[in-house]
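# Inside the fold
Residues per chain, in single letters:
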Amino acid sequence: MKPIRLKNLYETHCKDIPHEPGVYFVMAPERMEISFFAAPGNTGAAGYDVKVLEKKYACCGNKNLLYIGKAAGKRGLRQRILQYMKYGWQEGVNHKGGRAIWQIAGAENLLLTWEVCQNAAAREHQLLAEFKNQNGTYPLANWRG
């Protein structure tokens with residue numbers, strides 16, 4: 001699966017994303033410098049302190065993979081990722097998980113890919129546990145496994 005820029009997903013309303021359950025991954029493109037700014041004004045949830053994000057990112061052994069999310073609902077990946085895009089573009093308040101992504105300068109250029117699987121919750125848990133074991137912490141925008 002070729003990663004898609006977040007901006008492209010938003011502009012196309014995630015039309016190429018399947019309706020099946022699965023997990024999705026937000027990644028930094030090669031050579032993209034990661035810097036943070038104060039939380040955007042989305043009323044769905046409070047943002048994180050920039051110093052907290054900088055410290056967590058500095059501790060990540062893998063600086064490419066920034067977020068692992070799951071889509072276990074009836075409408076699967078497309079609905080969940082579309083909610084995520086709307087949250088990031090200040091149009092929705094129903095996707096608070098992974099919100100640290102939207103405090104990255106140039107977040108619209110981050111990449112997203114996905115994996116279809118029937119038990120998305122179990123797969124997400126497995127992937128997060130593996131990431132933490134290998135890197136000492138969860139990805140930047142994940143706070144628990």
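So, a few notes on the structure that sits alongside this text. Predicted model only: the values in this text are computed from it and were never measured. (Residues numbered from 1 in each chain as written. Predicted model: local features only at pLDDT ≥ 70, side-chain atom pairs only at ≥ 80, totals over all residues. Heavy atoms only, no water.)

Here we take up helix H2 (residues 50-59). All buried positions along H2 are accounted for by Leu53, Lys56 and Tyr57. Viewed along the axis of H2, the buried residues span an arc of 100°, placing them on a single side of the element. Residues of H2 that are exposed and point more than 90 degrees away from the buried face comprise Lys51, Lys55 and Ala58. Buried residues along H2 sit in contact with strand S3 (65-71). The backbone nitrogen of lysine 51 lies 2.8 Å from a side-chain oxygen of the residue at the head of H2, namely aspartate 49. (Buried < 20%, exposed > 50% of the residue type's maximum accessible area, 1.4 Å probe, protein only. Helix = DSSP H or I, 4+ residues; strand = E, 2+ residues; numbered from the N terminus. Arc of directions from axis to C-beta. Contact = heavy atoms within 4.5 Å. Polar contact = N/O pair within 3.5 Å; in protein donor to acceptor, adjacent residues only side chain to side chain.)

Turning to the packing of aromatic side chains, a few remarks are in order. Summed over all chains, the structure comprises eight aromatic pairs. Ring geometry for tyrosine 24 versus tyrosine 84: centroids 6.0 Å apart, planes at 55°, classification tilted. With tyrosine 24 in strand S2 (residues 22-27) and tyrosine 84 in helix H3 (residues 76-88), this residue pair connects regions lying 60 residues apart in the sequence. Ring centres of tyrosine 48 and tryptophan 143 lie 4.6 Å apart, and the angle between their planes is 25°; on these two criteria the pair is classed as stacked. Linking tyrosine 48 in the loop between S2 and H2 with tryptophan 143 in the segment after helix H4 (120-135), this pair joins segments that are 95 residues apart in sequence. A connected cluster of aromatic rings, assembled from ring pairs, spans Tyr10, Tyr24, Tyr67, Tyr84, Trp89 and Trp102. Lying over the aromatic face of tryptophan 143, lysine 56 brings its terminal NZ or CZ to 3.9 Å of the ring centre. Here the guanidinium or amino end of lysine 63 rests over the ring plane of tyrosine 57, the centre of that ring lying 5.1 Å away. (Phe/Tyr/Trp six-rings, centres within 6.5 Å; stacked < 30°, edge-to-face > 60°. Lys NZ or Arg CZ within 6 Å of the ring centre and 35° of its normal.)

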